[in-house]
Amino acid sequence: MKFTKAYIHGFGKWVNFDISFSDGICIYGENESGKSTIYHFILFMLFGLPPKQREFYRPKSGGQIGGRLTVLDEKVGQFTIERLDSLRNGAAICYTSDGMEHDEDWLKERLMGTTLETYQSIFSFSAMDLNKITNMKEADLGEVLLGIGLTGSTEIHTLEKKLDNKLAELFKPYGKKPMINQQLDTLDKQFALLQEYKKNEATYREKIINESHLEDRLCRLQEEFQDEKKNLLNVEKKIQALPLLGEYIRYHSNLKKYGHNLEFPEHGETRLEDIKSNLLPLQSEMAVLKGNVEKYQEKLEQLQNKLSNQELYEEAQTLIKLKHEFYDNKKELERAENHIDSKKMEMELELNRLNVGLTFEQLYRMNFPFHIEKTWIQIKNDEVSVTLEKERIQAEVQQLKQERNYLYNQLEELEEQILPDEKVFELNEKINGFHKHNVVRSLQNEAAQKQQNWRENRVKKEKSMNFYLISSLVIAVIFSIIGLVTDIRFLLDISFLLLLFGVGQWMWGRKGLKEMEVVIQSEYQTDAFNVISKEEVQDAEIQISKHHKCVTDMENIKEQLKSNDIKRLNYRDKMNVVEDRYEKIQQQIKEQYEIYPFLKHVDTSYWPELFHAMKQLVSQFKEYTEVLEDKEKLQDKITLVKSTVNEFVQEQNWEIGDLIEQQLGAIESFIMKQHEISQQIEQYSQLLKENKKEQDELLLRIKTYEREKWILFELAQVESEELFYRKSDQVKERKLNEEALDNTCIQLERLFPNGQWKPLVDNIQSESELEWIRNATENNIEELHWKISESQKELVTVQTQLETMESSEEYSNNLHQLEMEQEQLNKLAREWAIIKTAKELLIETKRIYKEKHLHQVMEATSNFFNRLTGNKYERVFAPINHRSFQVEANNGIRYEVNELSKGTIDQLYVSLRLAIGKTMSESNHLPFIMDDAFLHFDSLRIKQVINILEDMSKFHQIILFTCKDEIALNMSEVETVFLMGEKV
Amino acid sequence: MQEISFIHAADLHLDSPFKGLAHTPDHIFQEIVESTFLSLDKLVAIAIKKAVDFVLIVGDLFDNEKQSLKAQIRLRKAFEELKRHNIEVYLSYGNHDFLNGNLHPVTYPDNVHIFGKETVSHFTYKKGNETLANIYGFSYENRAVTDRKVKEFKVINHDIPFHIATLHGSIQNNTEHDVYAPFQLSELQKEPFDYWGLGHIHKREVLKENPPIVYPGNIQGRNRKETGQKGCYHVVLSGTDSRLTFIPLHTITFQPVQVDLSNCENLHQAEDLIQEAINNDREITGKTLIDLTLTGDSTLKQWENTKQIEDLIEIINEMISRDGQWKYIFHFLTNIKKEKIDVDLKKGEHFLGEVIRQAEKMDLQGTIQDLYLHKRARRYLQSVSSQDRHEIKEEAKELLLNELLK
């Protein structure tokens, strides 16, 4: 088979790349130039590639992976293999020259069973393979080379080693550590254990039989045990019954002694005892009662002697009644005395406070009529008002005096200021002279007018003056009348004043009118006048006016002085009236002093208060005197009682002190004593009566019991109490015997029921005899008991064992485990068997293969090796039996492969590879592909290799990839393709 | 109309170890050990619940070869429980628990009626005063009964309403099992029996409906061939009618699971696929021992060779065997799609071709005798069948090819 051309549609770096192959072709390219890619493309075309690996070669530019390889086959001629990644999942289609299409299987047929792997191991080799060789261990080298000789690869040897290791790991016939050996150990152990368990389980049958034997035996023993126990019980009962039997016999014979004629009342003795016990206390009680009667009588006599006569007693009682009265009076007296003292003290205190020179004794005669209080108040009030009036008037008079002095002083002043009349006249002349000229006319008119007005005014004035006069007179009259009637002085004064006023004003008015008339009539007489200057006039006018003014003021003051005098006269009158009243009042006071001299010590203004104090004192004094009287009465009463009591005591001749209290106490205790004695006497006579009654009753009861006692004696047929008791004892004894016999019978019956004891009475065994039997039986029982417990223990042991066996899981578990371990062993054994078989198969195949091909391969190898080494070595010998791989040098000396240099081994390797390729290709002409296999060869060797290759290429296509230009350039017969050039 | 009801079971194989389990976690191991007993307890419970008249157990209650006292004690307890509920038991011994091989003299309570001889005999079942059924059967006295016992079965006293035959044996032409007490179906139908209760075959099968001829199968699967539900039949017979109900008693099931890993590129995917297959398998309910078959290509082969599959299964087992209703892959098998590689290689002149050719010629006998005839190992190892030999050879060949083609 030959490759003629290839078209790479897309594969790795190659896209749309064409290449044609001649019989021998050297493809040169530097590293990374894509040599290997072409190599892999060829492999891909021939054997296909799984998708994943295919994907590795997808061109970087994208696009299809795939291409075509045209092949020339010896049988079918030329055909083209086409594989495309996208079509049929990379499966091949082959186109033959006759236009037929074939599938992958057809292609495989053409490849004659060569697979990728076998192809690679036989028809292609690379520098890498050489590297492997050099890494081999020396000792194995021969084997490895043989393997290469056989298969072209180093795998056989490696595999053999591996299989050996695995076998050793799994099993060694006499080993300990391998897995199967260990598993066997486990199994043996388990098996032994199982056997033991099995043996143990086998005892189950024995144990079951044993168990039933033991059960039988136990049953038998227990029966015997029960029997013996019964015997023992019987003997024990007999022993127990022995004393009882003796008693029985004794009682029986005893009973025979008593006759049958023993009459005796039922419970006779107790009944007698009862009667006696009842009788005895009665009798003793009787004796006591009698003794008491004597005692009581004696006592009575004594008491009666003590008792005094009745009269004395009654007198004492009346006296004692006075006792309370006496004490009450005494208390009353004390209280009265206290009261008197306190009252007296109180009054004396009051008198001192008043301090009016009154003594306590004076109070006896003191008396106040009903009106005295009012009189005293009246005097007090009048005196006060008169005094006040007096003072007021004096003050007024004083004031008026001062006013008058003042007015006189002023008048003197004014008189000094006044101008002399001549001067005034002179001045007036001046003025009038001046005015006369100017004013005559008007003055005349005016005077006329004035006269007219004056006349009118005068009428009016007269009228009013008259009116005031009349009205003042009237009012003055009225007031004086009222004053006289009511006796009010100041009204009289007012009326007097009014009168003065009315007359005064009328007279004053009159005078005025007359003056005015003079004035008015004088006016128009001023005709004569001198002419004077204006300034003089003015000055004169001022002087005149001043003068006029002083005159007027003087007039006024004079008026005032007049009125002042009038006023003073009035007050003097008033003063006289007041003095009169005062005198009257003083008279009244003097009268009072005479009647109540103590008033002298007191100012009239305090008289009303004094009256109240005095009145209270008087009433208190009255109370005081009453109490004094009461006291006297009480003292009389007390003395009376005292004398009466004293009299009584004197009569009785009691030697007690004179004190009334002691005497009264003595009387009282006398009465108490007497009373007590009489009570006791009564008590004792009562006791005596009761005693008598009781004695009668007792006697009756004693008789009843006596009668009963005699009835008992009759029944027992005896005459005395002594005999009665003797008979009673006999009866008791017989009864005891009977009871004891009965009791014994019951006890015996209890031990031996249904009268079984009766024969024993006639046939009594001795105690020692019975004791001996009992001991024997007890021993028997003990022995049996021991046997039973032993058997039980044994049975329990067996049963426990059986139970343990029955519940034991050990055997079962072991069984299952053993089964599993066995399974594990079988699994391991099978693994071992497979590996063992594989190894045997490998060895066998190797042997056969050697037989078949080794000779041929060695021939070829020798040939190539000879040429490669330049005839240095003649022959190569495959290992036979114990002889290892050897080469023979041209001098006939043989060397072991591990004695060769590394270069020589490389040459040997290449020779082997070429030889095997050549041998194999005789039946299967697949082209050789070498990928830089001779990288480390020197130029001499390269030439030799090239020679060989060129030779080979004549009948076997060789494709050589190299990066060594030396090789490429040395190729003479072989076509060389320069990938670099292509690329450039 | 009269009616009887009973439970028909056979092949209890109490306490007999499971086959083909090399290793299990402790808790699963304990459950395996207890499984047959639990199934027996369930049988008792069902009998009581259904208030049946009696229970038929047709042979192989336990294994004499690996006889454990525990098996018989537990059996006794079960019978005692049935007695408490007035349920009778009719039982015969088969080829595994034959009479002469029994070591342990365990006495069963008196409600248990045992066919004690190898000749066919019968017991009469009475309900109150009423005689209701005759039950016929025989026991194996020795390991094998090769006589045609079927001929001995004759109906006695036709007045009794029901006649039930029990037989531990197999159909004559059965090739899978050892043939004991052979019979043909037609022979069973000759006599007018109302029910044929069979034993010996572990796979449940109703051979005939009228009258019913029934293999109830065993009550608990014990190896990877005994898959699925296992149990007994609850049978109600009336004059005209027979009603059969299968009642599962198994505690643990054996279940095959197939997973195709052809499209898997890595172990993670494989793990997911296996998990998925286990989780989605409707047959898998309750405690299950899984027999896993993996299908795949060279990748799978690769994983197998490097023991990665084994590790993977261990990981999966760790996950699925924990909870109460555990699952456990106890066995796996790889099924590699054969590429034509062998065929191609065989033609080649090269070494691999020679390997294949040699493998075909090879005789295994001498090769493996080192171990298989080893003094200590021999007694524990199963004999290697021709099938085994073939498999070993194939695997050895594949091993070599895989290694050499690496």
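Residues numbered from 1 in each chain as written. Chains lettered and ligands numbered in written order. Predicted model: local features only at pLDDT ≥ 70, side-chain atom pairs only at ≥ 80, totals over all residues.

**Q** Help me understand the overall build of chain A in this model?
**A** In terms of regular secondary structure, chain A is built from 24 helices and 14 strands. Buried positions account for 21% of the 984 residues belonging to chain A. Across chain A, contacts joining residues at least 24 apart in sequence account for 76% of those joining residues at least 6 apart. (Helix = DSSP H or I, 4+ residues; strand = E, 2+ residues; numbered from the N terminus. Buried ≥ 20, exposed ≤ 12 C-beta atoms within 10 Å, placed from the backbone. Contact = placed C-beta atoms within 7 Å.)

**Q** Sorry, what's going on with the interface of chain B and chain A here?
**A** Accessible area lost when the parts come together is the quantity often used to give the size of an interface. With 55 residues of chain B at the interface, the matching set in chain A holds 58 residues. Counting residues per element, the side of chain B that touches chain A draws most heavily on helix α10 (residues 386–404) of chain B, which supplies nine residues. In terms of residue class, the side of chain B that touches chain A is made up of 29 nonpolar, 11 polar and 15 charged. (Nonpolar A, V, L, I, M, F, W, Y, C, P; charged D, E, K, R; others polar.)

**Q** Can you help me understand the packing of helix α1 (residues 26–49) of chain B against helix α2 (residues 69–84) of chain B in this one?
**A** Residues and elements named next belong to chain B. Interhelical geometry of α1 versus α2 gives an angle of 10° and a closest axis separation of 10 Å. When the axis of α1 is compared with that of α2, the two are roughly parallel. Counting all contacts with α1, which are made through Phe37, Leu40, Asp41, Val44 and Ala47, the residues of α2 involved are Arg74, Ala78, Glu81 and Leu82. A per-class count over the contact of α1 with α2 returns six nonpolar, no polar and three charged. (Axes fitted to C-alpha atoms, helices over the stretch in contact; angles between N-to-C directions. Parallel < 35°, antiparallel > 145°, perpendicular 65-115°, else oblique.)

**Q** When you look at the nonpolar core in this model, what are you seeing that I'm missing?
**A** With 71 residues, the main nonpolar core has Cys26(A), Ile27(A), Phe41(A), Ile42(A), Ile959(A) and Leu960(A) as its most contacted residues. Leave out the neighbours within four places in its chain, and Cys26(A) touches Leu960(A), Thr962(A), Ile967(A), Ala968(A), Met971(A), Val974(A) and Thr976(A). (Core = buried A, V, L, I, M, F, W, Y, C linked by C-beta atoms within 7 Å.)

**Q** Explanation requested: the pairing of strand β12 (residues 242–248) of chain B in the structure shown.
**A** Taken residue by residue, a regular strand's side chains alternate between the two faces of the sheet. Residues and elements named next belong to chain B. Relative to β12, strand β11 (residues 231–238) runs antiparallel, the two sharing seven bridges. Looking at the pairing, Val236 lines up with Arg243 of β12. From the end of β11 to the start of β12, which pair antiparallel, there are three residues. (Pairing = 2+ DSSP bridges.)

**Q** Looking at this structure, I do not really get the confidence of the model for chain A. What am I missing?
**A** Reading predicted coordinates in detail is not appropriate for stretches of low pLDDT. Residue and element names in this part refer to chain A. Considering every residue of chain A, the mean pLDDT works out to 82; 93% of them sit at 70 or more. No element of chain A has a lower mean pLDDT than helix α24 (residues 979–983), which averages 50, and none a higher one than helix α19 (residues 767–807), which averages 88. Scored below 50 in pLDDT, residues 526–530 makes 12 contacts in the model with residues more than four places away or belonging to other chains. (pLDDT = per-residue confidence, 0-100.)

**Q** Even after reading the chapter, I still don't get the sheet that holds strand β15 (residues 327–336) of chain B, so can you show me in this structure?
**A** Either a parallel or an antiparallel arrangement is found when strands of a sheet pair, and the pairing is made through backbone hydrogen bonds. All names here are of chain B. On the basis of which strands lie adjacent, the open sheet formed by three strands has the order β13-β14-β15 and parallel pairing. Of all strands in the sheet, those bounded by a partner on one side alone are β13 (253–260) and β15. Sheet twist, expressed as the mean angle between neighbouring strand axes with direction ignored, is 20°. Judged from the eight bridges that link them, β13 and strand β14 (residues 288–296) form a sheet pairing that is parallel. Considered in β14, the bridge of Gln255 is made with Ile290. Contacts between helix α4 (residues 267–280) and the sheet are confined to β13, β14 and β15, with β13 contributing the most and set at about 140° to the helix. The strands touched by helix α5 (residues 298–305) are β14 and β15; relative to β15, the strand with the most contacts, the crossing angle is about 125°.

**Q** How should the environment of Leu841(A) be read in this particular structure?
**A** As for its placement among the helices and strands, Leu841(A) is situated in helix α20 (residues 810–868). Given 24 C-beta atoms within a 10 Å radius, Leu841(A) is considered buried. Those residues in contact with Leu841(A) that lie beyond four places of it in its chain are Val355(B), Gln358(B), Ala359(B), Met362(B), Ala396(B), Lys397(B) and Leu400(B).

**Q** Quick question: what am I supposed to make of the sheet that holds strand β9 (residues 873–877) of chain A here?
**A** All names here are of chain A. Within the open sheet, the three strands sit side by side as β9-β10-β11. Their pairing is antiparallel. Among the strands making up the open sheet, the edge pair consists of β9 and β11 (894–896). Adjacent strand axes in the sheet meet at a mean angle of 25°, parallel and antiparallel pairs treated alike. When β9 meets strand β10 (residues 886–889), the two strands line up antiparallel, connected through four bridges. Among the inter-strand pairings, Val876 is bridged to a residue of β10, identified as Val887.

**Q** It is not clear to me how unusual backbone geometry should be interpreted in this structure. Could you clarify?
**A** Of the consecutive residues Asn210(B) and Pro211(B), the connecting peptide bond is found in the cis state with omega at -5°. In this structure, Pro211(B) sits in the loop between β9 (205–208) and β10 (213–215). Backbone geometry at Asn16(A) places phi at a positive 50°, although glycine is not the residue there. Structurally, Asn16(A) can be placed in strand β2 (residues 14–20).

**Q** Is there a simple way to think about helix α15 (residues 607–652) of chain A in this case?
**A** Since the α-helix packs 3.6 residues into each turn, any two residues three or four apart lie on the same face. Residues and elements named next belong to chain A. Across its 46 residues, α15 extends 69 Å between first and last C-alpha, which sits within 8% of the 68 Å expected from 1.5 Å per residue. Along α15, the positions that sit buried rather than exposed are Trp607, Met614, Val645 and Val649. Of the surrounding secondary structure, the elements contacted by the buried residues of α15 are α10 (310–354), α11 (372–417) and α16 (660–715). Looking one or two residues past α15, Asn653 carries a phi angle of roughly 60°, positive in sign. (Expected span 1.5 Å × (residues − 1).)

**Q** How should I be thinking about the confidence of the model for chain B in this particular structure?
**A** When the pLDDT values of chain B are averaged, the result is 86; 96% of them are 70 or greater. The ipTM for the predicted assembly is 0.85, set against a pTM of 0.53.

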